[in-house]
Amino acid sequence: PPASSAVVVVFCVTCRFAAAQWRSKKDEDKVLVSGPIPGLCDAVIQLYDGHGGKRAAVICAERMSRTIEDVFFKRSPANEAFRNDRAALSLEVGKDGFHEDLDWALVKTFERLDEEVKREDPSGTTAVVVLLKKNATTGDVAVKCAWCGDSRATMMRDGNAKRFFDLSVDHTPESESEIARIDR
């Protein structure tokens with residue numbers, strides 16, 4: 001990849017993973033691979049490509065996991081009840097292998113962090129956040145990806161280079177969804 005690219009390579013086998021980031025000429029990128037959000041996921045992989053500085057990327061990386069957790073538990077009394085029973089929470093999964101309120105929590109987390117960053121730094125950042133969760137019974141690993149901007153997440157299945165696929169779709173000003181969002 002070009003020297004200015006922000007690229008994360010993730011390797012996951014039963015939730016053992018590795019990540020790599022190419023160097024950037026501007027040093028506005030931030031990559032963070034962290035452990036679990038107990039009950040919700042086993043690992044969080046984050047990539048940010050700062051625009052006009054690194055501060056927005058650093059803020060998001062520092063706050064993402066904690067904010068996902070906070071937003072999730074404040075969603076409802078039912079979710080709050082799981083705060084002290086993470087083992088029970090880990091069993092509350094939908095077809096995608098994650099709790100049904102996690103998608104909502106991710107959207108609200110991105111919205112909250114966007115507002116926080118705007119108050120602290122005039123620059124911005126793209127974001128890719130990948131959550132991994134291993135099924136204790138089958139050993140399968142569920143993957144959930146949330147993103148904004150033109151940073152991209154891809155995944156290779158079973159170590160086979162012919163089985164690469166995108167986990168995200170770039171949000172660019174030219175895409176139909178972004179044109180519609182900007183026009184709102």
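Here goes a summary of the coordinates provided. (Residues numbered from 1 in each chain as written. Predicted model: local features only at pLDDT ≥ 70, side-chain atom pairs only at ≥ 80, totals over all residues. Heavy atoms only, no water.)

**A few points about the overall build of the chain**
Turning to step 1, where the next piece is worked out: From N to C terminus, the chain includes five helices and eight strands.
Turning to step 2, where the next piece is worked out: The order of helices and strands in the chain, counted from the N terminus, is β-β-β-β-α-α-α-α-β-β-β-β-α.
Turning to step 3, where the next piece is worked out: Out of the 184 residues in the chain, the part that is buried amounts to 39%.
Turning to step 4, where the next piece is worked out: Residue pairs at least 24 apart in sequence account for 50% of intrachain contacts in the chain once pairs closer than 6 positions are excluded.
Turning to step 5, where the next piece is worked out: Split by element, the accessible area of the chain, about 10700 Å² in all, is 52% carbon and sulfur. (Helix = DSSP H or I, 4+ residues; strand = E, 2+ residues; numbered from the N terminus. Buried < 20%, exposed > 50% of the residue type's maximum accessible area, 1.4 Å probe, protein only. Contact = heavy atoms within 4.5 Å. Areas by Shrake-Rupley, 256 points an atom, 1.4 Å probe, with all protein chains shown as cover.)

**Focus: the sheet that holds strand β5 (residues 124-134)**
Turning to step 1, where the next piece is worked out: Read across the sheet, four strands follow the order β3-β4-β5-β6 without closing on themselves; strand pairing throughout is antiparallel. Each of the sheet's edge strands pairs with one partner strand only, and the pair in question is β3 (29-34) and β6 (141-148). Geometrically, the sheet is characterised by an average inter-axis angle of 10° between neighbouring strands, direction not taken into account.
Turning to step 2, where the next piece is worked out: Here six bridges tie β3 to strand β4 (residues 43-51), and the two strands are oriented antiparallel to one another. The residue bridging D29 from the neighbouring strand is D49, located in β4.
Turning to step 3, where the next piece is worked out: Sheet strands in contact with helix α1 (residues 55-74) are β3, β4 and β5, and its direction is about 160° off that of β4.
Turning to step 4, where the next piece is worked out: Across the sheet, helix α4 (residues 102-120) lies against β5 and β6, angled at about 30° from β6, the strand it touches most. (Pairing = 2+ DSSP bridges. Axes fitted to C-alpha atoms, helices over the stretch in contact; angles between N-to-C directions.)

**Quick word on the packing of aromatic side chains**
Turning to step 1, where the next piece is worked out: The final tally for this structure, using the stated rule, is one aromatic pair.
Turning to step 2, where the next piece is worked out: Aromatic pair F72 and F73: ring centres 5.3 Å apart, planes at 80°, arrangement edge-to-face.
Turning to step 3, where the next piece is worked out: Take F73: its relative accessible area is 1%, and that puts it in the buried class.
Turning to step 4, where the next piece is worked out: The cationic tip of R75 hangs over the ring face of W104; the distance from NZ or CZ to the ring centre is 4.2 Å. (Phe/Tyr/Trp six-rings, centres within 6.5 Å; stacked < 30°, edge-to-face > 60°. Lys NZ or Arg CZ within 6 Å of the ring centre and 35° of its normal.)

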